[in-house]
Amino acid sequence: MTHAKFSPSASSRWTQCHGSLALSATVPEVDRLYAREGSFAHAIAEQCLLNKTYASDYLGTVSECGDFKLESSSEMVKHVNSYVDYVRSIHEVYGGTLEVEQRVHLTDDIYGTADALLLAADGKTLHVVDFKYGQGVIVDPTGNLQMLCYAGGALHHLSVEDYGQVEEVQMHIFQPRAPDSSPAKRVTVSPEFVSATAAQLQKHVDAIKSGDRTLATGKHCRFCNAAPVCPARGNETQALAKTTFSQVEPAPPSALTATDLAQVLEAAPRIKEWLLAVEEHARLSLEQGKPVPGHKLVAKRTQRRWRDEKALVEHCLKLGIDPTAPSKIASPAQLEKLLKTQKADVKHLAPFIERRVPGFTVAPETDPRPGVRPVNPFTTLPKDSDD
């Protein structure tokens, strides 16, 4: 399935930074673990909604997702089940036909896949539900361009008769891992508002297709692949550096004026994101065999994980131990600690544990850790490897 150049998921970026699309095309796409985890969770949710199953039926499922080998954990199962229950509850209340992972076109240029769409049985309400598995950024449906793209595309797919009956569009964001009180957020808009937004989006598309390559910084830069090489981001960083740094040492905070403090605080989140993006770009360059003077790749700290959570649970229950208390399966270290408090032998857990290198990081050449040649970031280590 092809991805749209003007994708709904990136609409908040390309509407504010017309040059981001052309610049991103010059940079290799970054394969990020959190994005792959989200795709994996979506795939399980899709199967649940289509086959009338639950995520627990897929516990322990392993999937090769790009560069990553992922396994559905008890935590993922819990969050996917909560999303599936939420969608089913909407369907129960409103009736109608539920469509899952539906490709919709807002225009010929703007199209994408909506997680769940439901036109109520009475035809008056269109529900658009988006499943957000990430936890780093809280997503709000209010003014959400991605959701409005899906809503507009869904409306366009309706017959003239059905379209005319729709009185409201309810846009739902379900984010079970969000660090706030409610995983579900909803906003109601009119079909007219959705259509007006579509017209505004098309104006941006036309400007970009006409050659507008204007670059603009802002919160939308956070997930841009071109951030490490973006001139606008670099200029912003240099401007801030001139304000707060001398040629040798940074100015102490007490020496900054109130105006300087405000400027630094406002730009700090974007500067941090830019620095992280630069580090990521350097890592990718080294993994591709491109040298970065004075730096090398080193392995991250080894992590211990369960080989098979289902087998572990069965084994522990036979011993009279519940490894899932209080809410999710304990880590190897946590379960070993529990067994030691009960004066039980922990050696029998060894067959269920594997050690993996979760990836690589960039370090100076002077770092005492040995440099490594890039391999699969989830290479399984020998059993006698150190933690």
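Keep in mind it's a predicted model, so treat the numbers as computed, not measured.

A. Seen up close, the sheet that holds strand β6 (residues 168–174). Taken in spatial order, the 5 strands of this open sheet run β3-β4-β5-β6-β7, and their pairing is mixed. The open sheet has two edge strands, β3 (97–105) and β7 (184–189), and neither has a second partner. The average undirected angle you get between the axes of adjacent strands in this sheet is 30°. Pairing of β6 with β7, which is carried by 6 bridges, proceeds in the antiparallel orientation.

B. Expanded view of the packing of aromatic side chains. Evaluation of the coordinates by the stated rule reveals 5 aromatic pairs. When the ring of Y83 is compared with that of F131, the centres are 4.3 Å apart and the planes differ by 10°; the resulting orientation is stacked. In this pair, Y83 is assigned in helix α4 (residues 74–94) and F131 in strand β5 (residues 125–131), connecting sequence segments 48 residues apart. Aromatic pair Y83 and F174: ring centres 6.1 Å apart, planes at 50°, arrangement tilted.

C. Looking closely at the environment of T53. Looking at the secondary structure, you find T53 in the loop between α3 (33–51) and β1 (62–65). With a relative accessible area of 18%, T53 lands in the buried category. With 23 residues separating them in the primary sequence, T53 and M76 have C-alpha atoms 15 Å apart. Ignoring sequence-local partners within four residues, the contact set of T53 consists of Q47, C48, Y58 and R88.

D. Looking closely at the confidence of the model for the protein chain. Considering every residue of the protein chain, the mean pLDDT works out to 85; 90% of them sit at 70 or more. Throughout residues 375–387 the model reports pLDDT below 50, and contacts reaching past four residues in sequence, or to other chains, amount to 29 contacts.

E. Inspection of the packing of helix α5 (residues 145–156) against helix α7 (residues 191–209) at higher detail. With their axes 9 Å apart at the nearest point, α5 and α7 run at an angle of 110° to one another. On the basis of the axis angle, α5 is roughly perpendicular to α7. From α5, L145, L148, C149, A151, G152 and L155 reach across to α7, where they touch P191, F193, V194, T197 and L201. Here the residues of the contact of α5 with α7 sort into 9 nonpolar, 2 polar and no charged.

F. Up close: the state of the cysteines. As enumerated under the stated definition, the model contains 0 disulfides in all. Lacking any disulfide linkage, C149 is separated from the closest cysteine sulfur, that of C17, by 17 Å. Unpaired in terms of disulfides, C221 finds its nearest cysteine sulfur in C230, a separation of 6.2 Å.

G. Seen up close, the environment of E29. Mapped onto the secondary structure, E29 falls in the loop between α2 (20–24) and α3. Put simply, E29 and K132 are 103 residues apart on the chain and 21 Å apart in space, counted from C-alpha to C-alpha.

H. Here's a closer look at the packing of α3 against α4. Put simply, α3 and α4 touch, their axes get as near as 10 Å, and they point 50° apart. Here α3 is positioned oblique relative to α4, judged by the angle of their axes. For α3 against α4, the interelement crossing comes out right-handed. The residues of α4 that touch α3, namely those facing E37, F40, A41, I44, A45, C48 and L49, are M76, V80, Y83, V84, V87 and R88. Within the contact of α3 with α4, the residues separate by chemical class into 11 nonpolar, no polar and 2 charged.

I. Representation of the pairing of β5. With 7 of its 7 residues buried, β5 lies for the most part within the structure. Looking at chain direction, strand β4 (residues 111–119) and β5 are connected through 4 bridges and run antiparallel. Across the sheet, L119 pairs through a bridge with L126, a residue of β5. Adjacent in sequence and paired antiparallel, β4 and β5 are bridged by 5 residues, among which G123 carries a positive phi angle near 75°.

J. Broad picture of the side chain of T125. Among the secondary structure elements, T125 is positioned in strand β5. Setting aside residues no more than four positions away along its own chain, T125 makes contact with Y94, L118, L119, A120, E168 and Q170.

K. Just the environment of L261, in detail. Relative to the helices and strands, L261 is located in helix α9 (residues 258–287). Judged by relative accessible area, L261 falls into the partly exposed class, the value being 37%. With sequence-adjacent residues up to four places away left out, L261 is seen in contact with P253 and L256.

L. Spatial organisation of the side chain of Q146. Position of Q146 relative to the elements: it lies in helix α5. For Q146, the side chain forms a polar contact with the side chain of K132, separated by 2.8 Å. If sequence neighbours within four positions are ignored, Q146 has contacts with P8, S9, S11, D130 and K132.

Each value, and the rule that gives it
- Residues numbered from 1 in each chain as written.
- Predicted model: local features only at pLDDT ≥ 70, side-chain atom pairs only at ≥ 80, totals over all residues.
- Heavy atoms only, no water.
- Pairing = 2+ DSSP bridges.
- Helix = DSSP H or I, 4+ residues; strand = E, 2+ residues; numbered from the N terminus.
- Axes fitted to C-alpha atoms, helices over the stretch in contact; angles between N-to-C directions.
- Phe/Tyr/Trp six-rings, centres within 6.5 Å; stacked < 30°, edge-to-face > 60°.
- Buried < 20%, exposed > 50% of the residue type's maximum accessible area, 1.4 Å probe, protein only.
- Contact = heavy atoms within 4.5 Å.
- pLDDT = per-residue confidence, 0-100.
- Parallel < 35°, antiparallel > 145°, perpendicular 65-115°, else oblique.
- Nonpolar A, V, L, I, M, F, W, Y, C, P; charged D, E, K, R; others polar.
- Disulfide = S-S within 2.5 Å.
- Left-handed = near helix turned anticlockwise from the far one by under 90°.
- Polar contact = N/O pair within 3.5 Å; in protein donor to acceptor, adjacent residues only side chain to side chain.

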